[in-house]
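In case you want the letters, here they are:
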Amino acid sequence: MKFNIKIVYTLLLAVAFISCSSSDDDTSSDSPYTQYGTPFEKMPKKEDAIIYQVNIRAFSQAGTLKGVQDRLTQIQELGANVVYLMPVYPVGKVKASGELGSPYAVKDYKAVNPDFGTLQDLQTLVEEAHKKNMAVVLDWVANHTAWDNNWITEHPNWYQKDANGNIIIPPGTNYNDVAQLDFNNAEMKAAMIDAMSYWVYNANIDGFRCDYADFVPQTFWTEAITKLRKIKKNQNILMLAEGSKVNHFAAGFDYTFGFNFFSTLEQLFKDNKPATTIQDSNATEYANNYNPENRVVRYTSNHDVNLSEGTPLELFGGKKGSIATFVVAAYLKSVPMIYNGQEIGYAQRLNYFSRTPIDWTTADNDMLAEYKKIIAFRNTSNAIKTGTFTGYSSDAVSAFTMIKDSEKVFVLSNLTGSTVKQLVPSTLKGNWKDAFTGAAVTLGADITLQPFQYVVLKN
């Protein structure tokens, strides 16, 4: 019997291609883990996200994952749909900073800090969040480890070293409590991606906020995110870079971080900079060929600035000023992030190197109602979520429109403690509705805004 060699060779190539393709699609076949839990069917789209940052040590009196689980209803009622947990891993004790050590000095990438609870506690927290239609993302610290991480003794070649062969701290920093990893080492990168995969499989988490992302090579993020997205084939995952490089989007991240926007807000209140500089900051952050669907995560507080610089009440003119500022952060071409406690006007800074439990009984319910109202409108407005931004700001007022298809939203927020008159462009005069109450509003040549008053109108 004669064989046509060319045909046989072609058939063999086809079989090899099919088998390779199927193994690419099915990561479970080459993973040491099996998927815990079920797919999260109500995973928010990236443009729909409202991110709520949880400092586990501060969030409850117990300072545990169970303490977070017990307040999921309150997070849901706020209108948030992504719960972002600060690092859940055991913290290094060698060269530790502060009373309890930094959560960002990771001793073991595949364990839960026993102070916070167990893997089962995390699994239950994720399950309960999913029941409330909220995703859960973990904080990931790729750049460096604690000095007592086992990698140091087992794989010293996974770390960067000085001329004398000593492992170094992250270059250009004073982070003496952590050791710098070497991203030229392929074994280390594989172990890192394996550890990230561990949590997707074993706790059914929905993504990561990646710490210090600008200082980790893009090639690593591209490889890691590509592999992570294959795990949950029937569900998207959310990836937030704590960084500002536009190439994070090319690597697969959904969001970058609004460092520039936050510092600009600070300058308005510290240095009396005009509100027009917010528009300048927006242009700066979106300058480098962002695609229309890309968004910067913006905030008026997070764990770092809360501790080092102050609460929104301290920084942005008290309760009224901090809400007026949050409106801008939440609506101006962004995905908003809220740091636990700011929504109730919590006045104490939270030291994340120790236990500083939030006293939720001090909640300012009027302020909480304002936050809920602001978030609720965003959740219904495609213009705010994905629209085109146009700025109309003055020295005192951050003013802009967000337009998507036939929906137009006009936002005006007085960021000063004075009553001001804002001129209205001729194209925006006429009949509007109050976005929160539906009441009719007619705009003439100008509008008077009380100190820290904000007005949101829709067509």
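Keep in mind it's a predicted model, so treat the numbers as computed, not measured.

A. Region of the structure containing the overall build of the protein. Along the backbone of the protein there are 16 helices and 18 strands. Since a compact globule built from 459 residues should have a radius of gyration of about 23 Å, the 24 Å found for the protein is in line with a globular shape. Taking the principal axes of its C-alpha atoms as reference, the protein extends roughly 90 × 65 × 45 Å. Scored against the burial criterion, the 459 residues of the protein give a buried share of 54%. Restricting the contact set of the protein to residue pairs at least 6 apart, pairs at least 24 apart contribute 71%. Accessible surface for the protein amounts to roughly 19600 Å². Of this, 51% is attributable to carbon and sulfur atoms. Side chains of the protein carry 42 positive and 47 negative charges; the gap between the two charge centres is 5 Å.

B. Looking closely at the packing of aromatic side chains. The full count for this structure, using the stated rule, is 31 aromatic pairs. For the ring pair Phe269 and Phe316, a centre distance of 5.4 Å and an interplane angle of 70° mean the geometry is edge-to-face. Residue Phe269 is located in helix H10 (residues 259–270), and its partner Phe316 is located in the loop between helix H13 (312–315) and helix H14 (318–331); the two are separated by 47 residues in the primary sequence. Of the two residues, Phe269 and Phe316, both sit in the buried class. In textbook terms, an aromatic cluster arises when at least three aromatic residues are bridged by ring pairs, as seen for Tyr33, Tyr89, Tyr109, Trp140, Trp151, Trp158, Tyr198, Trp199, Tyr201 and Phe208. Positioned over the ring face of Trp360 is Arg71, at 3.8 Å from the centre of the ring. Directly above the aromatic system of Phe257 lies the positively charged group of Arg209, at a separation of 5.8 Å from the ring centroid.

C. Region of the structure containing the layout of surface pockets. By volume, the largest pocket is sized at about 420 Å³. Split into classes, the residues belonging to the lining of the largest pocket amount to nine nonpolar, seven polar and five charged.

D. Main features of helix H15 (residues 365–380). Taking 1.5 Å per residue, 16 residues should reach 22 Å; H15 reaches 23 Å between its end C-alpha atoms and fits that length. Looking at H15, one finds that the buried residues are Met367, Leu368, Tyr371, Ile374, Ile375, Phe377 and Arg378. Between a side-chain oxygen at the N-terminus of H15 and the backbone nitrogen of Asp366 the separation is 3.1 Å; the capping residue is Asp364.

E. Expanded view of the packing of helix H5 (residues 119–131) against helix H7 (residues 186–203). Where H5 meets H7, the closest approach of the two axes is 10 Å, and the angle between their N-to-C directions is 65°. If you check the angle between H5 and H7, you find them roughly perpendicular. Contacts between H5 and H7 involve Leu119, Leu122, Gln123 and Val126 on the former and, on the latter, Tyr198, Trp199, Asn202 and Ala203.

F. Expanded view of the nonpolar core. Core analysis: the biggest nonpolar cluster contains 132 residues, and Leu85, Trp140, Trp199, Phe208 and Trp221 have the highest contact counts within it. The dominant element in this core, judged by the number of residues it contributes, is H7, at 11 residues. Every residue in contact with Trp140, bar those within four places of it in the chain, is listed here: Tyr89, Tyr109, Met192, Ala195, Met196, Trp199, Phe208, Arg209, Cys210 and Asp211. If you look at the next biggest cluster of nonpolar residues, it comprises 14 residues, including Ala399, Phe410, Leu443 and Leu449.

G. Structural detail: empty space enclosed by the protein. Evaluation of the coordinates by the stated rule reveals two cavities of 30 Å³ or more. Around the largest cavity sit Ile51, Val82, Tyr84, Val137, Phe208, Arg209, Leu238, Met239, Leu240 and Tyr255, which together line it. At the level of elements, strand S2 (82–85), strand S6 (207–210) and strand S7 (238–241) are the ones that each hand at least two residues to the lining of the largest cavity. Considered class by class, the residues forming the lining of the largest cavity number nine nonpolar, no polar and one charged. In this structure, the second largest cavity occupies an estimated 50 Å³ of space. Around the second largest cavity, the lining residues are Ser301, Asn306, Thr311, Pro312, Tyr339, Asn340, Gly341, Gln342, Tyr346, Gln348 and Leu350. Its residues assigned to classes, the lining of the second largest cavity comprises four nonpolar, seven polar and no charged.

Rules used in this analysis
Residues numbered from 1 in each chain as written. Predicted model: local features only at pLDDT ≥ 70, side-chain atom pairs only at ≥ 80, totals over all residues. Heavy atoms only, no water. Helix = DSSP H or I, 4+ residues; strand = E, 2+ residues; numbered from the N terminus. Rg over C-alpha atoms; globule rule 2.2 N^0.38 Å. Buried < 20%, exposed > 50% of the residue type's maximum accessible area, 1.4 Å probe, protein only. Contact = heavy atoms within 4.5 Å. Areas by Shrake-Rupley, 256 points an atom, 1.4 Å probe, with all protein chains shown as cover. Lys, Arg positive; Asp, Glu negative; His and termini not counted. Charge placed at Lys NZ, Arg CZ, Asp CG, Glu CD. Phe/Tyr/Trp six-rings, centres within 6.5 Å; stacked < 30°, edge-to-face > 60°. Lys NZ or Arg CZ within 6 Å of the ring centre and 35° of its normal. 1 Å grid on protein atoms, 1.4 Å probe; cavity = no way out; pocket = protein on both sides within 12 Å on 5 of 7 lines; lining within 4 Å. Points joined across faces, edges and corners; volume = space filled by probe spheres on them. Nonpolar A, V, L, I, M, F, W, Y, C, P; charged D, E, K, R; others polar. Expected span 1.5 Å × (residues − 1). Polar contact = N/O pair within 3.5 Å; in protein donor to acceptor, adjacent residues only side chain to side chain. Axes fitted to C-alpha atoms, helices over the stretch in contact; angles between N-to-C directions. Parallel < 35°, antiparallel > 145°, perpendicular 65-115°, else oblique. Core = buried A, V, L, I, M, F, W, Y, C linked by side-chain atoms within 4.5 Å.

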